[in-house]
Each structure stands twice: as structure tokens, then as C-alpha cells.
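# Examination of the molecular architecture
Here is how the chains run, residue by residue.
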Amino acid sequence: EKQFFHTFVAEIDSKLVGFSLYFYAYSTWEGRAVYMEDIYVQPDYRGKGIGTKLWKSVVGAGLAQGCTRCNFQVLNWNAPSIDYYKRQGATDISESEGWLAFRMTHDAMKAFVKKGESASQ
């Protein structure tokens, strides 16, 4: 079975305090890419560099695989994280390039695949 994701975890005194979840993707324009799906640090452990270490681990893994970029999303209300990512060199491509994020739910996926099935057979 294909491995769908990879993860790094942060532990302090054998207690899980954070994680990052990522996977590899491919860009038709730039080649290999790493996508950071999630990064989380428990509130009591924030501001101690744990999130930065987790993010660097994802980026480092991507570089080791020959990736040319690291993609991720941030909720628009999370101003502290947005500012932090920008300070580290990340670009908000919704601002600079006009990209929008879309999602298709499981039900929408099934309905989409079924659309027009009988007409095409």
C-alpha cells in the first residue's frame, strides 16, 4: 500500500507536544514539491521554537527529495502565523499570484464521477 503521508513529532519528557504532517506532490511548472498539510504545537509549548523545528524538518525532508518548493495553507484569521511565515520567506500566493484554494468533499467527488456516466456509455 502506498504511503499517503509522513509526519514529524515533537516530544518533551515522552509527552507529544506537536506534530507536522506532510506529503509529496508534483508541480508541472517546477517539479517536485512538498506539501505541509498540518503543523500543530500545543498552546503551552508555543513560542519555544518547536513549530519552527517541525517546519524545518518538513522543508529539509523536501530538499532531501529534490523538492523545489514547500506549499501549505494558513487560515485567514491566523494573523500571527501569517506574519511569522512571511518573515521566514514564505509568500502568500493568493496575494501575489491570485491562487484560490478549492475543496471537493467526498459526496461531491462521488457525484462528480457519476455525472454523465450513462450518457457516455
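In the block above lies the structure referred to throughout.
Residues numbered from 1 in each chain as written. Predicted model: local features only at pLDDT ≥ 70, side-chain atom pairs only at ≥ 80, totals over all residues. Heavy atoms only, no water.

## Some points on the overall build of the protein
The helix and strand tally for the protein stands at 5 helices and 4 strands. Listing each helix as α and each strand as β along the protein from the N terminus yields β-β-β-α-β-α-α-α-α. What you see for the protein is a C-alpha radius of gyration of 18 Å, clearly larger than the 14 Å of a compact globule of 121 residues, by over 25%. For the protein, the C-alpha atoms occupy an extent of roughly 60 × 35 × 30 Å along the three principal directions. Contacts in the protein between residues far apart in sequence, at least 24 positions, make up 43% of those at least 6 positions apart. Surface summary for the protein: the accessible area is close to 9,600 Å², and the carbon and sulfur share equals 54%. (Helix = DSSP H or I, 4+ residues; strand = E, 2+ residues; numbered from the N terminus. Rg over C-alpha atoms; globule rule 2.2 N^0.38 Å. Contact = heavy atoms within 4.5 Å. Areas by Shrake-Rupley, 256 points an atom, 1.4 Å probe, with all protein chains shown as cover.)

## Regarding a nonpolar patch on the surface
Together, Met-104, Met-109, Phe-112 and Val-113 line one region of the surface with nonpolar side chains, adding up to about 410 Å² of accessible area. Within the fold, Met-109 resides in helix α4 (residues 106-114). Residue class for Met-109 comes out partly exposed when judged on its relative accessible area of 42%. (Patch = residues over 30% accessible without salt bridge, like charges linked within 9 Å, V, L, I, M, F, W, Y side chains within 5 Å. Salt bridge = Lys/Arg side-chain N within 4 Å of Asp/Glu carboxyl O. Buried < 20%, exposed > 50% of the residue type's maximum accessible area, 1.4 Å probe, protein only.)

## Regarding the pairing of strand β4 (residues 69-72)
Sheet analysis places strand β3 (residues 31-41) next to β4, joined by 4 bridges and oriented parallel. If you follow Val-34 over to β4, its bridge partner there is Cys-70. At this point the chain moves from β3, through helix α1 (residues 50-64), to the parallel β4, and the crossover so formed is right-handed. (Pairing = 2+ DSSP bridges. Right-handed = clockwise from strand over helix to strand, strands pointing away.)

## Focus: the nonpolar core
Formed by Tyr-22, Val-34, Met-36, Trp-55, Val-58, Ala-61, Cys-67 and Tyr-85, the largest nonpolar core amounts to 8 residues. Of all the secondary structure elements, the ones that give two or more residues to this core are β3 and α1. With 3 residues, α1 is the largest single contributor of residues to this core. Setting aside residues up to four positions removed in sequence, Cys-67 forms contacts with Tyr-24, Arg-32, Ala-33, Val-34 and Gly-62. In this structure, Ala-10, Val-41, Tyr-45 and Ile-50 belong to the second largest nonpolar core, which totals 6 residues. (Core = buried A, V, L, I, M, F, W, Y, C linked by side-chain atoms within 4.5 Å.)

## Quick look at the packing of aromatic side chains
Here the structure, examined in full by the defined rule, presents 10 aromatic pairs. Among the aromatic side chains, those forming a connected cluster through ring pairs are Trp-55, Phe-72, Tyr-84 and Tyr-85. (Phe/Tyr/Trp six-rings, centres within 6.5 Å; stacked < 30°, edge-to-face > 60°.)

## Details of α1
Between the first and last C-alpha of α1 there are 21 Å, a value that for 15 residues agrees with the 21 Å anticipated at 1.5 Å per step. Elements in contact with the buried residues of α1: β1 (6-12), β2 (15-27), β3, β4 and α2 (79-87). One or two positions beyond α1, positive phi appears at Gly-66, with a value near 80°. (Expected span 1.5 Å × (residues − 1).)

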